[in-house]
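Fold and contact review
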Amino acid sequence: ICAGVYHLYKCLLLFSHLQYYNEEEAKKYSQNSRIMEIQTQMSERAVELLSLPEDQACYLLDVGCGSGLSGDHLSEVGHYWVGVDISTAMLDVALRREVEGDLVLADMGQGMPFRPGTFDGCVSISALQWLCNADKKTHSPPKRLYRFFSSLYSTLARGARAVFQIYPENSEQLELITAQAMKAGFTGGLVVDYPNSSKAKKFFLCLFAGVSGVLPKGLESEVTGRGVSSQAQFTAQRSRFKNMRGKSVKKSKDWVVEKKERRRRQGKDVRADTKYTGRHRRPHF
C-alpha cells in the first residue's frame, strides 16, 4: 500500500508539473491525508538539515511552496517564511488555508525576485527537478538552473543553507543540478536518507552559501535479522519525563540526549554519551 501511495504521489507531482496544478488537481493534492503526511515528514527533515540556530526565529524561503504544507511546519517551529510557486491554483489553495507565510507567484527558472541577503535559509520539497525539463522551445535546463541558483545565492545571507528534497530521474540529472549549483558559488553535496531502501530512500541536496560547511549525515535504516530494512527502532527502556505533547522535558536527560543526536545528524561535532550525560550537578560556591 505504501509503495502504491508513493507512486501516486510521484505521478501527481509529474502531472502537476505538466499542468502547473489546475484548480481540481490542487484541491486533490491538498486534501490527500497521506500526501500531506509525506510532505510534512520531508519538510521536517529539510529544516533539520538547515541546522538553524535553536530558540531563534529565522526568515526562510520556500521554493515550490504549493498549498503551503511545508510552510505550515516552518510556522509551527517558530520561523517566518515566504513561499514561491508557479501555480496560481496552488497559491489560491494556500490563501484559502490562511497560511502564515507570504506568497509570491513566480517561475523559479527565471530567478528569485528578492534583495541580496534577505533570507536565513531556503527549503524546497519536490520542486527542483522540474527545472531539468524543457517545457518550451526557449527553455534551456542548464541556463534555467544556473539562473535560479545564482539568484538564490544572492538572496541568502552568507553562511546560510539551502536544502532541496528532490526526485532525480537518473544520475545525469543529479550531475546537471549539482554542477549548476557549484557554478553559481554554492558548496555542499547530496545527503541520502535510507540509501539501501527502495521505498524510504530520499535525496536532499544540501548547499552552503559563502562558507564550506560539514555535510550532514544521511539517516540509516535498521536492518532486521531477515534483511528487511525498517525505519523504526524499538527499545526496552522507558521513555522518561514526557510532557503532554510527547516531547521530553527541557534539561532532562532525555532532552539532552535528543539534542545531541539531532546535532550529530546535522553534521556537528558532539561529545560522546557517557553515564554522566544529562546528570544534574550540585551547585559550586
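Residues numbered from 1 in each chain as written. Predicted model: local features only at pLDDT ≥ 70, side-chain atom pairs only at ≥ 80, totals over all residues. Heavy atoms only, no water.

This next bit is on the packing of helix α3 (residues 33-50) against helix α4 (residues 69-76). Geometrically, a packed helix pair is captured by the angle between its two axes and the distance between the axes. Look at α3 against α4: their axes get within 8 Å of each other, and the N-to-C directions meet at 50°. Viewed along their axes, α3 and α4 adopt a mutual orientation that is oblique. At the point where α3 passes α4, the crossing takes the right-handed sense. Facing α3, whose interface residues are M36, Q39, S43, E44 and V47, α4 presents L69, S70, H73 and L74. (Axes fitted to C-alpha atoms, helices over the stretch in contact; angles between N-to-C directions. Helix = DSSP H or I, 4+ residues; strand = E, 2+ residues; numbered from the N terminus. Parallel < 35°, antiparallel > 145°, perpendicular 65-115°, else oblique. Left-handed = near helix turned anticlockwise from the far one by under 90°. Contact = heavy atoms within 4.5 Å.)

The next thing to look at is the side chain of H79. Within the element layout of this structure, H79 appears in the loop between α4 and β2 (80-85). Residue classification places H79 among the buried positions, given a relative accessible area of 9%. Within the structure, the side chain of H79 is placed 3.1 Å from the backbone nitrogen of C58, a separation counted as a polar contact. For H79, the residues in contact, after removing those within four places along its chain, are L52, Q56, A57, C58, L60 and L74. (Buried < 20%, exposed > 50% of the residue type's maximum accessible area, 1.4 Å probe, protein only. Polar contact = N/O pair within 3.5 Å; in protein donor to acceptor, adjacent residues only side chain to side chain.)

With that out of the way, let us pick up the sheet that holds strand β4 (residues 119-125). Taken in spatial order, the seven strands make up an open sheet running β3-β2-β1-β4-β5-β7-β6, and their pairing is mixed. Edge strands, defined here as strands with exactly one partner in the open sheet, are β3 (102-105) and β6 (187-193). Each strand axis lies, on average, 20° off the axis of its neighbour in the sheet, ignoring direction. Pairing analysis gives five bridges linking strand β1 (residues 59-63) to β2, with the strands arranged parallel. Looking at β2, one finds that Y59 is bridged to Y80. Helix-sheet contacts for helix α5 (residues 88-96) involve β2 and β3, and the interaxial angle to β3 is about 165°. (Pairing = 2+ DSSP bridges.)

Before going further, it helps to spend a moment on the nonpolar core. In terms of nonpolar packing, the biggest core is built from 30 residues, with L128, F148, F149, L152, L156 and F164 touching the most fellow members. Taken together, the elements giving at least two residues each to this core come down to β1, β2, β4, α6 (141-155), β5 (156-166), α7 (171-183) and β7 (202-208). Here this core gets five residues from one element, more than from any other, and that element is β5. Setting aside chain neighbours within four positions, we find L152 in contact with L61, M112, C122, A162, F164 and F186. (Core = buried A, V, L, I, M, F, W, Y, C linked by side-chain atoms within 4.5 Å.)

Before going further, it helps to spend a moment on the side chain of S51. One can find S51 in the loop between α3 and β1. Not counting the four nearest positions on each side in its chain, S51 is found in contact with R161, Q266 and K268.

A few words now on the confidence of the model for the chain. The predicted model of the chain has a mean per-residue pLDDT of 81, with 77% of residues at 70 or higher. Within the chain, β1 carries the highest mean pLDDT (98), whereas strand β9 (residues 229-230) carries the lowest (35). Across residues 223-245, where pLDDT falls below 50, the model places 22 contacts with residues more than four positions away in sequence or in other chains. (pLDDT = per-residue confidence, 0-100.)

Our focus in this paragraph is the packing of α6 against α7. At a minimum axis distance of 8 Å, the contact between α6 and α7 shows a crossing angle of 45°. Here α7 runs oblique to α6, going by the angle between their axes. When you trace α6 past α7, the crossing you get is right-handed. When α6 is examined against α7, the residues P141, P142, L145, Y146 and F149 are found in contact with a partner set consisting of L176, I177, Q180, A181 and K183. Across the contact of α6 with α7, the residue classes break down as eight nonpolar, one polar and one charged. (Nonpolar A, V, L, I, M, F, W, Y, C, P; charged D, E, K, R; others polar.)

We now examine the packing of aromatic side chains. In total, this model carries seven aromatic pairs according to the counting rule given. Look at F148 and F164: their rings are 5.9 Å apart centre to centre, the planes differ by 75°, and that puts the pair in the edge-to-face class. Of the two residues, F148 sits in helix α6 while F164 sits in strand β5, which places them 16 residues apart along the sequence. Here F148 falls in the buried class, since its relative accessible area comes to 0%. Judged by centre distance (6.0 Å) and plane angle (85°), the rings of F149 and F164 are edge-to-face. Here F164 lies in strand β5 and F149 lies in helix α6, a separation of 15 residues in the sequence. As far as burial versus exposure is concerned, F149 and F164 are alike and both buried. Pairwise contacts between aromatic rings join F148, F149, Y153, F164 and F186 into one cluster. Note that K183 overlies the ring of Y146, its terminal NZ or CZ placed 4.9 Å from the centroid. (Phe/Tyr/Trp six-rings, centres within 6.5 Å; stacked < 30°, edge-to-face > 60°. Lys NZ or Arg CZ within 6 Å of the ring centre and 35° of its normal.)

This part covers the pairing of β2. Of all the six residues making up β2, five are buried; the element is thus mostly covered by neighbouring parts of the structure. Taken together, β1, α4 and β2 form a β-α-β motif whose crossover is right-handed. Where the polypeptide runs from β2 across α5 and back to β3, its parallel neighbour, the crossover connection is right-handed. (Right-handed = clockwise from strand over helix to strand, strands pointing away.)

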